[in-house]
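As a plain string of letters, each chain reads:
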Amino acid sequence: MASRLAQSAPSEGQRTDEEKGLGPGAAARRLDAAGTSVVVRRCIEDPELIHYDSQIVKYVTRAIESAVDRAARSFPAVVLTGPRRAGKTSLLQHMFPNASYFLLEDPELVARVRADPQGFLDAARTPAILDEVQNVPEVFAHVRARIDRRPRRAGQWMLTGSQDAPLMQGVTESMAGRAAVLRLLPFSARETPKVSLLRGAYPEVVARPGAARLWFSSYVQTYLERDVRAALAVRDLATFRRFLALVASRHGQILNKTALAAPLGVSVPTITQWLGVLETTAQILIVPPFYENLGKRLIKSPKVFIADSGLACHLLGIDSQAELAKSPFIGALFEGFVAFEVAKIQANAGQRQQLYYFRDEQGLEVDLLVPGRSGEIRLIECKAARSVTPSDAAPMQKLAEALRRTRRTPVSVRLDLVHEAPKAGATTSAVAPGVRALPWQGFLDTM
Ligand SMILES: Nc1ncnc2c1ncn2[C@@H]1O[C@H](COP(=O)(O)OP(=O)(O)OP(=O)(O)O)[C@@H](O)[C@H]1O
Ligand SMILES: [Mg+2]
């Protein structure tokens, strides 16, 4: 049925089943970030290769694969969300090469599926990948009914969708207990050493760093026109664009909604709503304050970062290593980079984000706090420098002492001073009592 649907569409006439994304070696004609129609396909002869337009790139194994695999063995459905261009489609096609694949994006196909979701699903061979399912929320009730008929059959439905779509939110709720929901973020530095502070981690930027500027401009444009327009009734996208630039200009700072609202001439509730969109589409990383009664008054607002450091640099007008090195944002960019890498490790393990910062009203400040295994607390200070000094560790030592003093039960606190890799190669050293200085790559390996 699916292939009949596609075949009867005039625009699909000249294409093979494969190009429609319906057969093995699935391929799909789709818009890339620049809004150009390109063919993305898995190579039939070698599934390790992906054709992207005229370029062939080697498939990079994703760290989330074992979580997806576990989920597909335990749940009837797996829902994969995440920012645009993070690699959702590539991942599912790579992991489930024998699943039937449906890209619910072409308006013609969408209209037909909408008109007869039951018929569409009856004809779909499972396991099936339903890509961009937010475009056809009608199918969810039917997928759900099908699952409930045979609730023990795991790994039947692989769905991707952007979480910002209001319908998608209701959908993930209605699939509770039937679907595992996982979030795929851009490449992590553990997945490929090509991830960098300057260019970030989007697969296409990592593959073509020279084209980063153009890619990010197109990405922002497409993001605004599709995700933002779909999620909000923003008539004036130019204002939202200015909002994005303003958020970037406050990269790593404590959120002050009034200060964001005033220059844009919008209300604070509007800012709250807009930040919600940026967060659910994983364009920003929100780091809430760590709260513990230490007898101190604490700051209660979160810190906000542009999630991908490449996008952050782009929005800040930083386009080379030299500009990055002398930018006043270098410290915040490095801190956000480390924070997002930690968030990726957590998301790839199927865990919820657990990332905090600490600041009290006396000015004691620690960049990041991560609850570790078995109740341990990890304090992390980030320095965008190749070397560190004992004084860099002082705030962590103070906070660790306060934590140990106020907790009734003994608490294990681990202190890491994370810095850029020294030229001579990665080293770890004890910089102050109980404090380890680690290059960021080495630090991530300890997470
Ligand atoms: N694991 C990977 N290894 C190498 N390249 C990848 C990988 N995943 C994605 N890419 C590259 O990134 C591009 C975008 O990936 P993909 O289309 O899978 O992302 P997506 O999250 O499905 O995007 P969209 O939100 O637009 O649907 C691909 O065309 C491919 O070039
Ligand atoms: Mg996709």
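Further up the page is the structure itself.
(A) Layout of the overall build of the protein. Helix and strand counts for the protein come out as 17 helices and 18 strands. Contacts spanning at least 24 positions in sequence make up 63% of the contacts within the protein whose residues lie at least 6 apart.

(B) Seen up close, the sheet that holds strand β12 (residues 303–306). An order of β10-β12-β11 is seen for the three strands of this open sheet, with the pairing classed as antiparallel. Both edges of this open sheet fall to β10 (253–254) and β11 (284–287), since each of them pairs with a single strand only. Pairing of β10 with β12, which is carried by two bridges, proceeds in the antiparallel orientation. Bridge pairing links Q253 to V304 in β12. Across the sheet, helix α15 (residues 330–348) touches β11 and β12, and the angle it forms with β11 is around 90 degrees.

(C) Geometry of the sheet that holds strand β6 (residues 100–103). The sheet built from five strands is open, its strands ordered β6-β7-β8-β5-β9 with parallel pairing. Each end of this open sheet is capped by a strand with a single partner; those strands are β6 and β9 (179–183). Taken pair by pair, the neighbouring strands of this sheet meet at an average axis angle of 15 degrees, ignoring direction. In this sheet, β9 lies alongside strand β5 (residues 77–81) in parallel orientation, the contact comprising five bridges. Of the residues in β9, the one forming a bridge with V78 is A180. Packing against the sheet, helix α2 (residues 65–74) makes contact with β5 and β9, and its axis sits at approximately 170 degrees to β9.

(D) Local environment of the pairing of β12. The side-chain alternation of β12 yields two buried faces, one formed by K303 and F305 and the other by V304 and I306. In this sheet, β12 lies alongside β11 in antiparallel orientation, the contact comprising four bridges. Across the sheet, the residue bridging to V287 is K303, located in β12.

(E) Seen up close, the packing of helix α11 (residues 257–264) against helix α12 (residues 268–280). Direction vectors running N to C along α11 and α12 enclose 105 degrees, while the axes themselves pass 9 Å from each other. It follows that α11 is roughly perpendicular to α12 by the angle criterion. Of the residues in α12, those in contact with K257, T258, L260 and A261 of α11 are V268, T270, I271 and T272. Tallied by class, residues from the contact of α11 with α12 come to four nonpolar, three polar and one charged.

(F) Expanded view of the environment of V411. As for its placement among the helices and strands, V411 is situated in the loop between α16 (394–406) and β16 (413–419). For the pair formed by V411 and I377, sequence separation is 34 residues and the distance between their alpha carbons is 7.7 Å. Excluding residues that lie within four positions of it along the chain, V411 makes contacts with I377, L403 and R404.

(G) Looking closely at the nonpolar core. Grouped together as the largest cluster of nonpolar side chains are 120 residues, with contacts concentrated most on A77, V78, V139, L182, A339, L369 and L379. When residues in this core are grouped by element, the largest group, 10 residues, is from α15. Looking at this core, you find at least three residues from each of domain 1 (2–183) and domain 2 (203–445). Once residues within four sequence positions are removed from consideration, L379 is found in contact with V366, L369, M396, L399, A400, V413 and L415.

(H) Layout of the environment of A325. Counting through the fold element by element, A325 comes out in helix α14 (residues 321–325). Spatially, the C-alpha atoms of A325 and A384 are 9.2 Å apart, while their sequence positions differ by 59 residues.

(I) Structural detail: helix α4 (residues 107–115). Among all positions of α4, only L109, R112 and V113 are buried. One face of α4 carries all of its buried residues, which in axial projection span an arc of 100 degrees. Exposed and facing more than 90 degrees away from the buried side of α4 are P107, A111 and A115.

(J) Broad picture of unusual backbone geometry. Omega for the bond connecting T126 with P127 falls within 30 degrees of zero, at 0 degrees, which places this linkage in the cis form. Here P127 shows up in the loop between α5 (117–123) and β7 (128–131). In this structure, E132 is a non-glycine residue whose phi angle is positive, near 60 degrees. Position of E132 relative to the elements: it lies in the loop between β7 and α6 (138–149). Positive phi outside glycine occurs at A282, with the angle close to 60 degrees. Relative to the assigned elements, A282 resides in the loop between α12 and β11. Classification of A282 as buried rests on a count of 24 C-beta atoms within 10 Å.

(K) View of helix α10 (residues 237–249). When the terminal C-alpha atoms of α10 are compared, their 18 Å separation across 13 residues agrees well with the 18 Å that a helix rising 1.5 Å per residue should span. Considered for burial, the residues of α10 that qualify are F240, F243, L244, V247 and A248. The buried residues of α10 all sit within an arc of 140 degrees when viewed along its axis, so they share a single face. For α10, the elements touching its buried residues are α9 (212–231), α11, α12, β11, β12 and α13 (309–315).

Cut-offs and rules
- Residues numbered from 1 in each chain as written.
- Chains lettered and ligands numbered in written order.
- Predicted model: local features only at pLDDT ≥ 70, side-chain atom pairs only at ≥ 80, totals over all residues.
- Helix = DSSP H or I, 4+ residues; strand = E, 2+ residues; numbered from the N terminus.
- Contact = placed C-beta atoms within 7 Å.
- Pairing = 2+ DSSP bridges.
- Axes fitted to C-alpha atoms, helices over the stretch in contact; angles between N-to-C directions.
- Buried ≥ 20, exposed ≤ 12 C-beta atoms within 10 Å, placed from the backbone.
- Parallel < 35°, antiparallel > 145°, perpendicular 65-115°, else oblique.
- Nonpolar A, V, L, I, M, F, W, Y, C, P; charged D, E, K, R; others polar.
- Core = buried A, V, L, I, M, F, W, Y, C linked by C-beta atoms within 7 Å.
- Domains from an automatic or database assignment.
- Arc of directions from axis to C-beta.
- Expected span 1.5 Å × (residues − 1).

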